[in-house]
Structure formats: C-alpha cells, structure tokens
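Chain and residue survey
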Amino acid sequence: MTQMSKSVGNLFGIQVFPKRATEFFRRIVKDNIEKREAEGIVRPDLIHLLMEARKGKLKPESGGDNREGFAAVEESQIEPSRKEVELSDEHILAQAMLFFFAAFDTVSTAASFMAYELALNPDIQKKLQEEIDSVKSKHDGTIPYDALLSMKYLDQVVSETLRKWPPNFETDRLCVKDYLIPSTNPDEKGFLVKKGIVALVPMMALQRDPQYYPEPDRFDPERFNDENKSKVVPGTYLPFGMGPRNCIGSRFALLEIKSVFCHLLGKFDITPYDKTEIPMKLSSKHFNMQPEKGFWLRFNLRKEGSS
Ligand code: HEM
C-alpha cells in the first residue's frame, strides 16, 4: 500500500506531507543554515551534523551504551559508504523533516498504547509503579539515567507494548539483485525474489503470530523477562526494523518513553472509563496505528506511594 500510494501520489501530484508544512520546514531549515553559516553559530544538533557532513568533517562514531533495552536495535556493522555525496540544502531539509516525522508520531503512538494497556491491566501498572517508587526512593525522588536503564520491569512493559502495538506495523526493502531463498523441503523449489521487487516485512503480523507469541492478544510483559527474552525467535520481533536501515532513533525513543512513564506513573494512576473503547478497534483510515475512536483514559492523582 505504501509503495502503491507513493506512485499514485506522484501520478496525481499528491504530496506525502502537506505543502504548507513542507514550506514551513523549508523556511526554518534554510534560515537556520544561513544564520549559522553567517555568524559561525554551533549548536549540538542534527543540522550541525549535516552541515559538518557537507564539509566532509563528520567521522562515524563507534561504541555506545548497550543497556537501553531489549527492543533497541544493533547498529549496522556495515562500513559507512566512502562515496562522496553532495549534500544540498534540500537534502538537509529532507533529513530534518524525516527525523521530525519519524521521531514524533512513533513515540507518541507507542506511549499512548502503553497507557491504554496499563489502564486495562491494573496489576501490571501497580507492579511498574512499585519499581518506579523503589528506584525514586533510592535517589531522592529522582530517576538518574543509569537507574532508568536498570529498570527491568519497565523495559519488559515497553518491549511488550512495542510487540503488541508496533507504531510502524510494516517496513519494506527493494530487492537489488535476484535472490533465491532455498527451500527447506527437498521436494520443492526455492523461491526466487526478483530484482526490482519491493518486499514488505509485516512486523505487526509476525509479532502477533501465535506460533511465536502464544495468546498474542494478551498483554504480557513476562514474555520479556530474563528467562523468556532469550527464547524470542530471531526475526520475529522487529519494532525498530532490522539491518543497515534499522531505526536510528531506537535508543532515544526508548529513553523518552521510559522517562515519561516514570514521571506519569509516579504521580498518577491511569484508568479506563466509559468512553474507553474495549477491545480497541484500529482505524482503517490512517496509514499509522491509531484507534478508531481515539485514546480515552483517566489520570487520577495517586493517593499513596507517590513522590
Ligand atoms: C517508538 C518509537 C519508534 C519506532 C517504533 C520506530 C520505528 C522505526 C522503523 C520500523 C523504522 C524502519 C526500519 C527498517 O526498515 O528496518 C524506522 C526508521 C527510522 N527511524 Fe524510527 N522509530 C521510532 C522512533 C524514532 C526516533 C525517536 C527517531 C529519531 C530521533 C527515529 C528516526 C528514524 C529514522 C531517521 C529512520 C530511517 C532510517 C533509515 O532509513 O536509515 N525513529 N523507525
């Protein structure tokens, strides 16, 4: 559908993003680049990195923290291309817009589904609040970075949210050369994936397949406890995709969601009420994951144990 919609969009001159939004971003990014260049301003952000890359001054980083969570994706081991690419203002604009749209909607969608599941599963919410309260009580009511990354149950709940409700429910890959997938059955031929074909990878279908996740519609963070997470079949859990073009923001996304819920659940109990749709029906009118009737939940100030 996404591939088809791109060509249909091109045919009829339909834009992926509204023209006004594109113009708004174009002006902000262009003015920003011009001002920084004219006044020698340096800010530690994406635009600065892209401006440095344009001058050939950017070096790939190595290392990093690998405690961010079960769902975080590995950085690709493939050497970055040495090919010289000329980065125009238009390329920088496209990257800035991609980061904005890829980062904003996905995180808010994941957080909304997590709030919904916690409201429907008060035992899980209570267990998570106990973990949050315990960490806060050890750190004068705060949650430092290292403590956040060490919170196992929080990581289980986030991982299970991204399994049951992956904000990007599919991704795709363009096949650049003929590739024969060998058959596992000696009586059958393999399957030839032809060059030029776009293969869709249905994350949502894989992550709700009872063969890999028994009772897939049940929200169960225990699927990702220390004992069970090693049993997850490789390639069946892909909320951030896989391979060299996997999500560049997975660690940041997990950090955002985790810190938001530490603050929220420290202060509030999340509950359903009469407008909450149970079970939820997903909207068929949107390309991203959205409930048909929106998210309706109550946030009640916690009476005890809060800080
Ligand atoms: C819960 C939040 C998020 C989810 C579920 C998510 C998921 C994904 C997925 C599935 C892909 C495609 C990967 C593939 O095809 O293998 C992707 C790509 C991407 N994501 Fe995310 N993402 C999230 C948050 C973010 C954030 C916070 C950022 C930026 C700070 C970001 C930036 C990107 C970019 C730039 C790409 C394109 C990478 C490329 O084409 O090389 N995402 N994301």
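Residues numbered from 1 in each chain as written. Predicted model: local features only at pLDDT ≥ 70, side-chain atom pairs only at ≥ 80, totals over all residues. Heavy atoms only, no water.

The chain is annotated in an unreviewed UniProt entry as Cytochrome P450 monooxygenase from Tenebrio molitor. In its Cofactor (unreviewed entry) section, the UniProt entry covering the chain states "heme". Turning to the chain, the UniProt record has this under Function (unreviewed entry): "May be involved in the metabolism of insect hormones and in the breakdown of synthetic insecticides." (UniProt positions renumbered as here; feature names shortened; annotations may be inferred.)

**A closer look at the site of the ligand**
In the region of the ligand, 22 residues are neighbours, and Thr171, Arg173, Met242, Arg245 and Cys247 sit closest. Separating an oxygen atom of the ligand from a side-chain N or O atom of Arg173 is a distance of 2.6 Å. The side chain of Arg245 places a nitrogen or oxygen atom 2.6 Å from an oxygen atom of the ligand. Secondary structure elements with two or more residues in the shell around the ligand: α4 (89-120), β1 (171-174) and α9 (250-267). Per-element tally for the shell around the ligand: the top contributor is α4, with six residues. Considering only residue class, the shell around the ligand consists of 14 nonpolar, six polar and two charged. (Near = heavy atom within 4 Å. Polar contact = N/O pair within 3.5 Å; in protein donor to acceptor, adjacent residues only side chain to side chain. Helix = DSSP H or I, 4+ residues; strand = E, 2+ residues; numbered from the N terminus. Nonpolar A, V, L, I, M, F, W, Y, C, P; charged D, E, K, R; others polar.)

**Some words on the pattern of salt bridges**
Close approach of charged atoms allows side chains of opposite charge to pair. Enumeration over the complete set of coordinates arrives at 21 salt bridges. Glu34 serves as the salt-bridge partner of Lys30, at 3.1 Å between the closest nitrogen and oxygen. You can see Lys30 and its partner Glu34 sitting in helix α2 (residues 19-39), four residues apart, about one turn around the helix. Residue Lys30 is classed as partly exposed on the basis of its relative accessible area, which comes to 38%. The salt bridge partner of Lys152 is Asp226, with a shortest N-O separation of 2.6 Å. Here Lys152 is found in helix α7 (residues 152-164), whereas its partner Asp226 is found in the loop between α8 (203-207) and α9, with 74 residues between them in sequence. We classify Lys152 as partly exposed; its relative accessible area is 49%. Of the residues examined, Asp226 reaches a relative accessible area of 48% and is grouped as partly exposed. What emerges from the salt-bridge pattern is a single network uniting Glu23, Arg26 and Glu90. (Salt bridge = Lys/Arg side-chain N within 4 Å of Asp/Glu carboxyl O. Buried < 20%, exposed > 50% of the residue type's maximum accessible area, 1.4 Å probe, protein only.)

**A look at the confidence of the model for the chain**
Looking at the chain as a whole, the pLDDT averages 89, with 88% of positions reaching at least 70. Interface confidence in the predicted complex, given as ipTM, is 0.99; pTM for the same model is 0.88. (pLDDT = per-residue confidence, 0-100.)

**Side note on the nonpolar core**
Grouped together as the largest cluster of nonpolar side chains are 42 residues, with contacts concentrated most on Met114, Leu118, Leu128, Leu154, Val157, Leu162 and Phe261. Listing elements by their share of this core, those giving two or more residues are α4, α5 (122-138), α6 (145-149), α7 and α9. It is α4 that contributes the most residues to this core, nine residues altogether. If you look at the next biggest cluster of nonpolar residues, it comprises 10 residues, including Leu50, Met51, Ile92 and Met97. (Core = buried A, V, L, I, M, F, W, Y, C linked by side-chain atoms within 4.5 Å.)

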